[in-house]
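# A look at the structure
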Amino acid sequence: MRKTMADMGNLWEDLRRQARQLENEIDLKLVSFSKLGTSYSTQRDYESDTAPLLNKASSEHMFDTMAMEISQLLAKLTEVNDRMVEYTQNISTSSPSAALMHTLQRHRDILQDYSHEFQKTKANITAMREREDLLGSVRRDINAYKNSSSLNRRSDMYLKEHDHIRNSERLVDEQISIAIATKENLQSQGKFLNTINQKVNAFANRFPMINSLVQKINLRKRRDSIILGLVIAVCVILMILFTFH
C-alpha cells in the first residue's frame, strides 16, 4: 500500500513537472508569436508594390509554423491536464485535498488563458493578412488595368471584381458575426440587470419600513439642500447690498 501511494505521488509530481515545462514553452512561444504579429503589421505598413515577395512568403511561413507548434503544445498541455483530472478521480483517498484541487484548477486556468491568447493573436494576424491581401490585390488590379489592352482588361476586371466581391462578402460576414455576438452579450447583461432590479424591488416590498426610512432620508437631504441654498442666497444678497452701500 505504501509503495502504491508513493507511486501515485510520483505520478502527480511528474504530471506537474510536465505541465510547468509545457506552460513555460507555450509562454515563450506566445511572446514570439505576438512579436511576429507586430513585425508583420510594421512590414506591411512600409511594404511597396515593387518589394520582393520573399519577405512576405517568409513571414507567412513563419506564422504558419509557429501557429502549428503552439497548437501542438496546447494539445499536449490539454492531455496532461486531463491526466491530472483523471489522477484526482482515481486516488485511493475518499476525496482529493484542497491543495491538490487548487493546483489542478491553477493549471487549468493557465491552459485556458494561453488558449484564449493564442486564438486572439492568431485571429488578429489572420485578419491583417486577409486585409493586406485584399488591398494588394486591388493595387495589382489597378496596375494590370493600366498596362493591359482594352479587351483583355475588361474580361480580367470582371473576373477579379468577382473575387473582390467574394472577399468583401467574407469580411462582411465576419463583422456580422461579431455584431451578433456583441448583441447577445448585451442582451444577457440586460437580463442580469433586470434580475437584480427585480430582487431589489422584491426586497423593498418585503420590508416596507426600510423603504419608508429611505424615503424619509431622501426628503430630509432635499430639505437640508434647500435650506443651505437659501442661506447662501441670503448671504450673497447681503454682501451685494453691503458692497453697493
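Residues numbered from 1 in each chain as written. Predicted model: local features only at pLDDT ≥ 70, side-chain atom pairs only at ≥ 80, totals over all residues. Heavy atoms only, no water.

### Description of a nonpolar patch on the surface
Nonpolar side chains collect at one region of the surface, where Leu228, Ile232, Val236, Ile240 and Phe244 lie side by side and expose about 520 Å² of accessible area between them. For Ile232, the position within the fold is in helix H5 (residues 208–244). Ile232 gets classed as partly exposed once you look at its relative accessible area, which sits at 47%. (Patch = residues over 30% accessible without salt bridge, like charges linked within 9 Å, V, L, I, M, F, W, Y side chains within 5 Å. Areas by Shrake-Rupley, 256 points an atom, 1.4 Å probe, with all protein chains shown as cover. Salt bridge = Lys/Arg side-chain N within 4 Å of Asp/Glu carboxyl O. Helix = DSSP H or I, 4+ residues; strand = E, 2+ residues; numbered from the N terminus. Buried < 20%, exposed > 50% of the residue type's maximum accessible area, 1.4 Å probe, protein only.)

### Details of the side chain of His107
As for its placement among the helices and strands, His107 is situated in helix H3 (residues 98–147). Those residues in contact with His107 that lie beyond four places of it in its chain are Arg16, Ala19, Arg20, Glu23, Asn81 and Met84. (Contact = heavy atoms within 4.5 Å.)

### Observations regarding the confidence of the model for the protein
Across the protein, pLDDT averages 77, with 73% of residues at or above 70. Per-element confidence in the protein is highest for helix H2 (residues 54–90), whose mean pLDDT is 84, and lowest for helix H4 (residues 150–206), whose mean pLDDT is 76. The model gives residues 45–54 a pLDDT under 50, and that stretch makes 3 contacts with residues more than four places away or in other chains. (pLDDT = per-residue confidence, 0-100.)

### A word on the nonpolar core
In this structure, Ile26, Phe33, Leu74, Met84 and Phe118 are the most contacted members of the largest nonpolar core, which totals 26 residues. Looking at this core, the elements that each hand over two or more residues are helix H1 (2–46), H2 and H3. Every residue in contact with Phe118, bar those within four places of it in the chain, is listed here: Leu30, Phe33, Ala67, Ile70, Ser71 and Leu74. (Core = buried A, V, L, I, M, F, W, Y, C linked by side-chain atoms within 4.5 Å.)

### Description of the pattern of salt bridges
Throughout the structure, instances matching the rule amount to 3 salt bridges. Residue Glu69 is joined to Lys29 by a salt bridge in which the shortest nitrogen-to-oxygen separation is 2.7 Å. Taken together, the residues Glu69 in helix H2 and Lys29 in helix H1 connect sequence positions 40 residues apart. Classification of Lys29 by relative accessible area gives partly exposed; the value is 28%.

### A closer look at the layout of surface pockets
Considered as a void within the structure, the second largest pocket measures approximately 180 Å³ in volume. Forming the boundary of the second largest pocket are Ala123, Thr126, Ala127, Glu130, Arg131, Leu171, Glu174, Gln175 and Ile178. Element by element, the count of residues in the lining of the second largest pocket is highest for H3, at 5 residues. Residue classes in the lining of the second largest pocket are distributed as 4 nonpolar, 2 polar and 3 charged. (1 Å grid on protein atoms, 1.4 Å probe; cavity = no way out; pocket = protein on both sides within 12 Å on 5 of 7 lines; lining within 4 Å. Points joined across faces, edges and corners; volume = space filled by probe spheres on them. Nonpolar A, V, L, I, M, F, W, Y, C, P; charged D, E, K, R; others polar.)

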